[in-house]
Amino acid sequence: MLAKMFDPNSPLLPGKVQDGNYFLDRNPDRFKVVLDYLRDGEICVANEKESLPGLLIEARYFQLADMEQKVMDCIDRERGEEMQRARKIAQEVANCLQKQKSGGTDGWNLVTVNVSGRIFQADQDTLCKAPDSLLAKMVQG
């Protein structure tokens, strides 16, 4: 679409000329990513979850089929990662429920942590899953 808009032999007119510049009524943040894609062939965004649906709109608008496919691949990958996170959380909840059934919270070594005024409670084993971490060292004393 962009190539057609700026091709002198194309029946499509480029965006409006305003103060000597072409004016495209599009989201400038997304258009920056479109330009980067045209330069490098890669989708580079800071926050994929927020940006990908908008980039898909731009890829379709400018008829950039390769970019559209790459954005769709990123969206599919993100959905797969979300499913993995959801499964992991569900397993952790199931484990906690099983622990509650088998002995209530008596078998837990609950630790209360104040993070900038927000109170969290967690099992010490959870806080020490990464044994070399600063959090584990703090909790183990």
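Remember, it's a predicted structure, so these values are computed and weren't measured experimentally. (Residues numbered from 1 in each chain as written. Predicted model: local features only at pLDDT ≥ 70, side-chain atom pairs only at ≥ 80, totals over all residues. Heavy atoms only, no water.)

Q: Explanation requested: a nonpolar patch on the surface in the structure shown.
A: A grouping of Leu134, Leu135 and Met138 is seen on the molecular surface, where their side chains present a nonpolar patch of about 330 Å² in accessible area. Positionally, leucine 135 belongs in helix α6 (residues 134-140). (Patch = residues over 30% accessible without salt bridge, like charges linked within 9 Å, V, L, I, M, F, W, Y side chains within 5 Å. Areas by Shrake-Rupley, 256 points an atom, 1.4 Å probe, with all protein chains shown as cover. Salt bridge = Lys/Arg side-chain N within 4 Å of Asp/Glu carboxyl O. Helix = DSSP H or I, 4+ residues; strand = E, 2+ residues; numbered from the N terminus.)

Q: When you look at helix α2 (residues 28-40) in this model, what are you seeing that I'm missing?
A: A turn of α-helix holds 3.6 residues, and therefore any two residues three or four places apart point the same way. Helix length check: α2, at 13 residues, gives a terminal C-alpha distance of 18 Å against a target of 18 Å (1.5 Å per residue), a fit within 8%. Where α2 ends, the next residue or the one after it, glycine 41, has phi of about 75°, a positive value. (Expected span 1.5 Å × (residues − 1).)

Q: Before we go on, may I ask you to explain the packing of aromatic side chains in this structure?
A: The description of two aromatic rings rests on the distance between their centres and on the angle between their planes. By the definition in use, this model includes two aromatic pairs. Aromatic side chains phenylalanine 31 and phenylalanine 62 sit 5.7 Å apart centroid to centroid with 55° between the ring planes, which places their arrangement in the tilted category. Of this pair, phenylalanine 31 sits in helix α2 while phenylalanine 62 sits in the loop between α3 (48-61) and α4 (65-103), and the two are 31 residues apart along the sequence. The pair formed by phenylalanine 31 and phenylalanine 62 is uniform in burial state, with each residue classed as buried. When the ring of tyrosine 61 is compared with that of phenylalanine 62, the centres are 4.9 Å apart and the planes differ by 85°; the resulting orientation is edge-to-face. Classification of phenylalanine 62 by relative accessible area gives buried; the value is 0%. Three or more aromatic residues link up through ring pairs in this structure, and these residues are Phe31, Tyr61 and Phe62. (Phe/Tyr/Trp six-rings, centres within 6.5 Å; stacked < 30°, edge-to-face > 60°. Buried < 20%, exposed > 50% of the residue type's maximum accessible area, 1.4 Å probe, protein only.)

So, to be careful, I would describe these as geometric facts and stop short of saying anything about function.
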